[in-house]
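Residue-level structural notes
Read off the chains here:
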Amino acid sequence: MKQRVLSGIQPSGQLTIGNYLGALRHWVRVSQDFDCHFTIVDLHAITVPQDPAGLREGTREITALFLAAGIDPQHSVVFAQSHVVAHSELAWLLTCMTPLGWLHRMTQFKDKVGREQMESVGAGLLNYPVLMAGDILLYQAHAVPVGEDQRQHLEFTRDLAQRFNHRYGPTFRIPTFFPARTGAKIMGLDDPTKKMSKSEESDHHALLLLDPPDLVAQKIKRAVTDNFREIRFSDDPERAGVNNLLTLYQAFTDEESETVEARFDGKGYGELKREVAEVINENLAPLQARYREMVSDRAYIDEVLRDGAQRASAIADATLADVKQKIGLLAPAAK
Ligand code: TRP
């Protein structure tokens, strides 16, 4: 029996190259060896205001991206979180046993919500980790492939599962964090000391997965470097720009660090930038082409999601029934 994996991505906006390397590409690799469940977490997206039409479109677009990136929906289960009602239901059941203090200590919440915003943000933002814990625990996942930024959420999930198991007896499998191969932390092109993120203002901060080749080249050309004129990996903050370009190059070529450094030995930053843009574009071209084909075929995408929801529900509903029984909720009598 293969071990089970679950992961999710929000359907809001575009993915950056960083999201691709840290999540989507990692999933494609993982999907060969594990029993995988990948969900588009639309219920997480609505923890902040969303345009309804945009949210619906975004859900289909991210599904198309999964498929374009190489996730095979016959093999892996691909579904929209809101299509499997057990997610909402387990989130409430778990909410009732989550200490408020745990939620208030989550760094993502603290970073996003200052004192002034407490009056205006929805309570879903505080409860976000509980919904995520439910996503994972419903499938009894062994491992959760996510980026480093999700480590605390996974710790929270483990703690909550242990708490439940302790109170009601063995119910949930305790999942493990399954990070992408290290070294792929991608930083902003305009400020290589900041993680690349789609929410930054500057238009040459982030590379997006669907950026056309000339835009990729243009953004890389403008990327911040330094005056050392030396192309090697380094954790010196002053060399973070060049390091980031090398990291990108390495992530797309899968070459050893020494090989990458040897390749650029004696070359200039202009050359480095041209080659980085080239490997990125070469690697993304097939994905982008498949995406364009896929995204226009709504009927196919909807069918993938329908089928995925059905397969996911079969597992999720069984876990949910067990949880309700353990808590003491009376099951409706059979007719
Ligand atoms: N919080 C995750 C992120 O922002 C998305 C997510 C929601 C998720 N539920 C999940 C990831 C379950 C893994 C497993 O990236």
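Residues numbered from 1 in each chain as written. Predicted model: local features only at pLDDT ≥ 70, side-chain atom pairs only at ≥ 80, totals over all residues. Heavy atoms only, no water.

Thoughts on the overall build of the protein
Here is the rule we go by: Note on conventions: DSSP H or I runs of at least 4 residues are helices, E runs of at least 2 residues are strands, and numbering of each starts at the N terminus. A radius of gyration in this sense is built from C-alpha atoms; the matching globule rule multiplies 2.2 Å by the number of residues raised to 0.38. The classification of residues rests on relative accessible area computed with a 1.4 Å probe and restricted to protein chains. Under 20% of the type maximum is buried, over 50% is exposed, and intermediate values are partly exposed. Should any heavy atoms of two residues lie within 4.5 Å, those residues are considered in contact. Accessible surface area values rest on a Shrake-Rupley calculation with a 1.4 Å probe, where residue burial reflects the displayed protein chains alone.
A tally of regular secondary structure across the protein gives 13 helices and 5 strands. A compact globule built from 335 residues should have a C-alpha radius of gyration of about 20 Å, and the protein, at 21 Å, falls within 12% of that. Projected onto the principal axes, the alpha-carbon positions of the protein cover approximately 75 × 45 × 40 Å. Expressed as a percentage of the 335 residues in the protein, the buried residues total 50%. The long-range fraction of contacts in the protein, counting pairs at least 24 apart against all pairs at least 6 apart in sequence, stands at 76%. For the protein, the computed accessible surface area is about 16700 Å², with 51% contributed by carbon and sulfur atoms.

Concerning the pairing of strand β2 (residues 35-40)
What counts, and what does not: Each pair of strands is called paired provided DSSP finds at least two bridges between the two strands. Seen with its strands pointing away from the viewer, a crossover is right-handed if its path from the first strand over the helix to the second goes clockwise.
Among the 6 residues of β2, 5 are classified as buried, and the element is accordingly described as predominantly covered. Of the strand pairs in this sheet, strand β1 (residues 4-9) and β2 are connected by 6 bridges, and their pairing is parallel. Across the sheet, the residue bridging to Gly-8 is Thr-39, located in β2. With respect to chirality, the unit in which β1 leads through helix α1 (residues 17-30) into the neighbouring parallel β2 is right-handed. Where β2 meets strand β3 (residues 77-80), 4 bridges bridge the pair, whose relative direction is parallel. In the strand pairing of β3, His-37 is matched with Val-77.

Describing unusual backbone geometry
Even without being glycine, Gln-140 reaches a positive phi, approximately 55°. With respect to the helices, strands and loops of the structure, Gln-140 is situated in the loop between α7 (123-138) and β4 (143-144). Its identity is not glycine, yet Asp-254 carries a phi of approximately 60°, on the positive side. Its place among the elements puts Asp-254 in the loop between α10 (240-253) and α11 (257-264).

Details of helix α9 (residues 213-221)
Filter applied, for reference: This arc describes the spread of directions from the helix axis toward the C-beta atoms.
Those residues of α9 that fall on the buried side of the exposure criterion are Val-216, Lys-219 and Ile-220. End-on, the buried residues of α9 take up no more than an arc of 95°, which puts them together on one face. Exposed and facing more than 90 degrees away from the buried side of α9 are Asp-214 and Lys-221. In this structure, the buried side of α9 is in contact with α10 and α12 (269-295).

Topic: the domain arrangement of the protein
To keep it simple, the criterion reads: Residue ranges labeled as domains rest on an automatic or database domain assignment. What counts as buried area is the accessible surface, traced by a 1.4 Å probe, that two parts surrender upon association, with contributions from both included. Here, a salt bridge means any Lys or Arg side-chain nitrogen found within 4 Å of an Asp or Glu carboxyl oxygen. Polar contact is defined as a pair of N or O atoms within 3.5 Å, subject to the rule that within protein one atom must be able to donate a hydrogen and the other to accept it, and that residues adjacent in sequence are counted only when both atoms are side-chain atoms. Only Asp, Glu, Lys and Arg are considered charged in this grouping, and only Ala, Val, Leu, Ile, Met, Phe, Trp, Tyr, Cys and Pro are considered nonpolar; every other residue, Gly among them, is considered polar.
Assigned domains of the protein: these are domain 1 (4-182 + 298-327) and domain 2 (213-292). Distance from the C-alpha centre of domain 1 to the C-alpha centre of domain 2: 32 Å. Across the boundary between the two partners, domain 1 contributes 11 residues, which contact 9 residues of domain 2. Taking both sides of the interface into account, the surface hidden between domain 1 and domain 2 amounts to around 920 Å²; carbon and sulfur atoms contribute 65%. Counting the contacts that link domain 1 with domain 2 gives 1 salt bridge. Linking Asp-254 and Arg-29 is a salt bridge whose minimum nitrogen-to-oxygen distance equals 3.0 Å. The interface formed by domain 1 and domain 2 holds 3 residue pairs in polar contact (both at pLDDT 80 or more) in total. Taken together, the elements giving at least two residues each to the side of domain 1 that touches domain 2 come down to α1 and α3 (52-69). Residue classes in the side of domain 1 that touches domain 2 are distributed as 7 nonpolar, no polar and 4 charged.

A closer look at the side chain of Thr-157
Inspection of the secondary structure assignment puts Thr-157 in helix α8 (residues 151-168). Judged by relative accessible area, which is 0%, Thr-157 ranks as buried.

Examining the site of the ligand
Put simply, the rule reads: To be near a molecule or strand, a residue needs just one of its heavy atoms within 4 Å of it.
For the ligand, the full set of nearby residues is Leu-6, Ser-7, Gly-8, Val-41, His-44, Tyr-128, Met-132, Asp-135, Ile-136, Val-144, Val-146 and Gln-150. Asp-135 places a side-chain nitrogen or oxygen 2.7 Å from a nitrogen atom of the ligand. Looking at the shell around the ligand element by element, the count peaks at 4 residues for α7. For the shell around the ligand, a count of residues per class yields 7 nonpolar, 4 polar and 1 charged.

Describing the nonpolar core
Nonpolar side chains in soluble globular proteins generally cluster together in the buried interior. Rules: Put simply, a nonpolar core is a bunch of buried Ala, Val, Leu, Ile, Met, Phe, Trp, Tyr and Cys residues held in one set by side-chain atoms that sit within 4.5 Å of each other.
Membership of the largest hydrophobic core comes to 59 residues, with the highest contact counts inside it found for Tyr-20, Leu-24, Phe-66, Leu-207, Leu-248, Phe-252 and Ile-280. Tallying contributions element by element places α12 first for this core, with 10 residues. Looking at this core, you find at least three residues from each of domain 1 (4-182 + 298-327) and domain 2 (213-292). In this structure, Phe-66 is in contact with Ile-9, Leu-24, Trp-27, Phe-38, Thr-39, Ile-40, Ile-71 and Val-78, ignoring residues within four places of it in sequence. Among the nonpolar cores identified, the runner-up in size contains 38 residues, and Leu-6, Ala-86, Leu-125 and Ala-316 belong to it.

Quick word on the pattern of salt bridges
Following the criterion strictly, the structure yields 19 salt bridges and no others. Of the charged contacts, one joins Glu-271 and Arg-274 as a salt bridge, the two residues approaching to 3.3 Å between their closest N and O atoms. Taken together, the positions of Glu-271 and Arg-274, both in helix α12 and 3 residues apart, correspond to about one turn of that helix. Its relative accessible area of 28% is what places Glu-271 among the partly exposed residues.

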